[in-house]
Amino acid sequence: MNRITLLIKYLKNNRIKEYDLIIKKALENNYEIISLRDYIENKYNKDKKLLVLRHDIDQFSDATRMMFEIEKKYRVYSSFYFRNSTFEAKLMKEIESYGSEASLHFEPIADFVKANNIKNKEELFNMPNWQKRCLNILKDNIDIFRNLLNIPCTTIASHGEYENRLVNTPNNYLTEDIKSYDYLGIKLEAYNKDMIDKVTCYISDVPIEINSGYRYGITPIKAIQRGEKFIMFLSHPNHWYYNRWQQFKKIIKVIIRKPINTKESFRRI
């Protein structure tokens, strides 16, 4: 994608229409579109192809509600994962009332690293009982969501922050041992190895100046046309619609920098 095309896209600011098209094409191609909670609770037709929708709410964005409204229009379901910093009680209750999932996008290791001014992995792993302490923080965060909103938080999803890269330890390090599930009262973490191994095509979005908007090069529509049996589509609503100030910054960025093309492959974190 060249600069002119990118500028036009950011001026139009209508990537959200692409999301509507993705859902429409999936249904036309006989996909069942579900949340991670539906998946782990076996609430789907095993004879149909699957499109599991996951939204990570890293930042506040009008597109979160826009995507939800599109899903309601087509009567499909998804999982929305909110950070403590992007908690939206009214919207989360609406999502749950509709039948989709609202739950926690968790980052206790990153928070622990920040709070203790930890500089590297060795420092982290030398902290007394650091893993148990972080797991307790995670449980507290889940319980806050449950108690405030009366929602189950059946599944949760790890968030990645600078601090995780600093100590080379993702937040889902805490849930790699599924014995933690009982303690946390969950049924699934979104990077669970057994589930990811069953996914035939994993897709994640990025801003459109990177790989035309898709981190690993494959678009949802191409995967649907290919007939992939189990598509996992991770989106970040803040990549799909911009307010005026965000739109202005994106346009300046495109003028200054060339579009980026990478050949990154998915790896489970």
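First things first, this report covers the structure right here in the doc. Because the structure is a prediction, the values reported are computed rather than measured.

Some thoughts on a nonpolar patch on the surface
Piece 1. Together, Trp-245, Phe-248, Ile-252, Ile-255 and Ile-256 line one region of the surface with nonpolar side chains, adding up to about 550 Å² of accessible area.
Piece 2. Among the structural elements, Ile-255 can be located in helix H13 (residues 244-256).

Focus: the layout of surface pockets
Piece 1. Of the voids in this model, the largest pocket is the one considered here, and its volume is about 1,300 Å³.
Piece 2. Mapped by element, the contributors of at least two residues to the lining of the largest pocket are strand S2 (49-57), helix H7 (121-125), helix H9 (162-166), strand S7 (201-204) and H13.
Piece 3. Looking at the lining of the largest pocket residue by residue, the class counts come to 15 nonpolar, 16 polar and 14 charged.
Piece 4. The calculated volume of the second largest pocket comes to roughly 170 Å³.
Piece 5. In this structure, the second largest pocket is lined by Ile-8, Lys-9, Tyr-10, Lys-12, Asn-13, Asn-14, Arg-15, Glu-18, Ile-208, His-239, Trp-240 and Tyr-242.
Piece 6. It is helix H1 (residues 3-12) that provides the largest number of residues to the lining of the second largest pocket, a total of four residues.
Piece 7. The residue inventory of the lining of the second largest pocket, partitioned by class, reads five nonpolar, three polar and four charged.

Things to note about the side chain of Arg-83
Piece 1. Locating Arg-83 in the fold gives a position in the loop between strand S3 (79-82) and helix H5 (89-98).
Piece 2. Reaching out from Arg-83, the side chain makes a polar contact with the side chain of Glu-107 at a distance of 2.8 Å.

Quick notes on the packing of helix H2 (residues 16-28) against helix H4 (residues 62-74)
Piece 1. Across the interface, H2 lies against H4 with an axial gap of 10 Å and an inter-helix angle of 25°. Judged on the interaxial angle alone, H4 and H2 are roughly parallel. Our pair here, H2 against H4, has a crossing hand that is right-handed. Seen from H2, the contacting residues are Ile-16, Tyr-19, Asp-20, Ile-23, Lys-24 and Leu-27; seen from H4, they are Ala-63, Met-66, Met-67, Ile-70, Glu-71, Lys-73 and Tyr-74.
Piece 2. Taken together, the residues of the contact of H2 with H4 sort by class into nine nonpolar, no polar and four charged.

Criteria and thresholds
- The residue numbering used here restarts from 1 in each chain and proceeds along that chain's sequence as written.
- Thresholds applied to this predicted model are a pLDDT of at least 70 for local features of residues and 80 or more for the giving and counting of side-chain atom pairs; totals over whole chains, interfaces and linings are not thresholded and use all residues.
- As a rule here, side-chain values come from all non-hydrogen atoms in the structure, and water together with hydrogens is ignored.
- Each patch is assembled from residues with relative accessible area greater than 30% and no salt bridge, linking like charges that lie within 9 Å and nonpolar side chains (Val, Leu, Ile, Met, Phe, Trp, Tyr) that lie within 5 Å.
- Under the convention used here, a 1.4 Å probe and the Shrake-Rupley method define accessible areas, while residue burial counts only the protein chains that appear.
- By salt bridge we mean one thing: a side-chain nitrogen of Lys or Arg within 4 Å of a carboxyl oxygen of Asp or Glu.
- A helix here means a DSSP run of H or I that spans at least four residues, while a strand means a run of E at least two residues long, and both kinds are numbered starting from the N terminus.
- A pocket here means an open set of points on a 1 Å grid, computed over the protein atoms alone, that has protein on both sides within 12 Å along at least five of seven lines. A cavity is instead a set of points where a 1.4 Å probe fits but cannot get out; residues with an atom within 4 Å of a point line either one.
- Grid points are joined across faces, edges and corners, and a volume is the space filled by probe spheres set on the points.
- Put simply, Ala, Val, Leu, Ile, Met, Phe, Trp, Tyr, Cys and Pro go in the nonpolar bin, Asp, Glu, Lys and Arg in the charged bin, and everything else, Gly too, in the polar bin.
- The definition of a polar contact used here is a pair of N or O atoms within 3.5 Å, where within protein one atom must be able to donate a hydrogen and the other to accept one, and adjacent residues in sequence count solely through side-chain atom pairs.
- Structural elements are reduced to axes, namely lines fitted to C-alpha atoms, with helices fitted over the stretch in contact, and the angle between N-to-C directions of any two is expressed from 0 to 180 degrees.
- Here is the rule for angles: anything less than 35 degrees is roughly parallel, anything more than 145 is roughly antiparallel, 65 through 115 is roughly perpendicular, and the remaining ranges are oblique.
- Helix crossings fall into two classes, left-handed where the near helix is turned counterclockwise from the far one by less than a right angle and right-handed where it is turned clockwise.
- A contact between two residues is defined here by any heavy atoms of the two lying within 4.5 Å.

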